[in-house]
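Geometric and topological summary
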Amino acid sequence: MLSKKTKYGLKALAYLASQKDKKPVQISEIAEKENISQKFLESILLSLRKTGFLGSKKGKGGGYYLLRSPEEISMTDVMRVLEGPIAMVPCVSLNFYETCDDCPDEKTCSVHKLMLQVRDSALEVYRNNTLKDIISR
């Protein structure tokens, strides 16, 4: 299941991407328009700023803004920052691989085979969508 952190992060990014003037937007505005707790949103936006998706400006006229155009922001990158590994089990993760404690042989494990398919399907969707795609629908 998608975490609230990821859901709200996607909503905030989409809100910022949909702004016509591309000026910084205050957290309070995003929180109000997207019905997100401002305190929670602050931590999400800070993560997105630290990982290079957002910039911020302090003072009058300050707020958050996208550092890249929406078509350059892949959902794969966003999901990994906000949600962590895309794979549901560590033995099929591309970036966070670990063996499973309870599995003697990945090659014969039925769960492993299924989760490879799930991971690949999810990656296909994320790789083929950008922030622009999700605001254009």
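Keep in mind that what you see is a predicted model, and the values were worked out from it rather than measured.

Quick look at the packing of aromatic side chains
- Using the criterion set out here, one finds one aromatic pair in the structure.
- Taken together, a centroid distance of 5.8 Å and an interplanar angle of 75° make the contact between Tyr8 and Phe40 edge-to-face. Separated by 32 residues along the polypeptide, Tyr8 in helix 1 (residues 4–17) and Phe40 in helix 3 (residues 38–50) bring together distant segments of the chain.

Here's the deal with the packing of helix 1 against helix 4 (residues 75–82)
- Close contact between helix 1 and helix 4 brings their axes to 9 Å; oriented N to C, the two are set at 135°. Between helix 1 and helix 4, the crossing angle belongs to the class labelled oblique. Helix 1 and helix 4 meet at a crossing whose hand is right-handed. Of the residues in helix 4, those touching helix 1 at Lys5, Thr6, Gly9, Leu10 and Leu13 are Met75, Val78, Met79 and Leu82.
- Along the lines of polarity and charge, the residues of the contact of helix 1 with helix 4 split into six nonpolar, two polar and one charged.

Comments concerning helix 2 (residues 27–34)
- Of the residues making up helix 2, those classed as buried are Ile27, Ile30, Ala31 and Glu34. Along the long axis of helix 2, the arc covered by the buried residues comes to 100°, so they all point the same way. When the buried face of helix 2 is taken as reference, the exposed residues oriented beyond 90 degrees from it are Glu32 and Lys33.
- In this structure, the buried residues of helix 2 make contact with helix 1, helix 3 and strand 2 (63–66).
- At the exit of helix 2 stands Asn35, carrying a positive phi of roughly 55°.

Some remarks on the pairing of strand 2
- As judged from the four bridges shared by strand 1 (residues 54–57) and strand 2, these two strands associate in the antiparallel manner. From the neighbouring strand, Lys57 faces strand 2, where its bridge partner is Gly63.
- Connecting the antiparallel pair strand 1 and strand 2 is a turn made up of five residues, with Gly59 showing a positive phi of about 85°.

Focus on the confidence of the model for the protein chain
- Per-residue pLDDT for the protein chain averages 93, and the proportion of residues at 70 or more is 99%.
- Predicted confidence in the protein chain is weakest over helix 5 (residues 110–127), with a mean pLDDT of 93, and strongest over helix 1, with 97.

Observations regarding the packing of helix 4 against helix 5
- Close contact between helix 4 and helix 5 brings their axes to 7 Å; oriented N to C, the two are set at 120°. As the angle between them shows, helix 4 and helix 5 are arranged oblique. Listed contacts from helix 5 to Met75, Thr76, Met79 and Arg80 of helix 4 are Leu123, Tyr126 and Arg127.
- Taken together, the residues of the contact of helix 4 with helix 5 break down into four nonpolar, one polar and two charged.

Some words on the pattern of salt bridges
- Under the criterion given, the structure shown has one salt bridge.
- Between Asp120 and Arg119 there is a salt bridge; the shortest N-O distance is 2.7 Å.
- Asp120 gets classed as partly exposed once you look at its relative accessible area, which sits at 40%.
- According to the relative accessible area criterion, Arg119 is buried, its value standing at 12%.

Here is what the cut-offs are and how they apply
- Residues numbered from 1 in each chain as written.
- Predicted model: local features only at pLDDT ≥ 70, side-chain atom pairs only at ≥ 80, totals over all residues.
- Heavy atoms only, no water.
- Phe/Tyr/Trp six-rings, centres within 6.5 Å; stacked < 30°, edge-to-face > 60°.
- Helix = DSSP H or I, 4+ residues; strand = E, 2+ residues; numbered from the N terminus.
- Axes fitted to C-alpha atoms, helices over the stretch in contact; angles between N-to-C directions.
- Parallel < 35°, antiparallel > 145°, perpendicular 65-115°, else oblique.
- Left-handed = near helix turned anticlockwise from the far one by under 90°.
- Contact = heavy atoms within 4.5 Å.
- Nonpolar A, V, L, I, M, F, W, Y, C, P; charged D, E, K, R; others polar.
- Buried < 20%, exposed > 50% of the residue type's maximum accessible area, 1.4 Å probe, protein only.
- Arc of directions from axis to C-beta.
- Pairing = 2+ DSSP bridges.
- pLDDT = per-residue confidence, 0-100.
- Salt bridge = Lys/Arg side-chain N within 4 Å of Asp/Glu carboxyl O.

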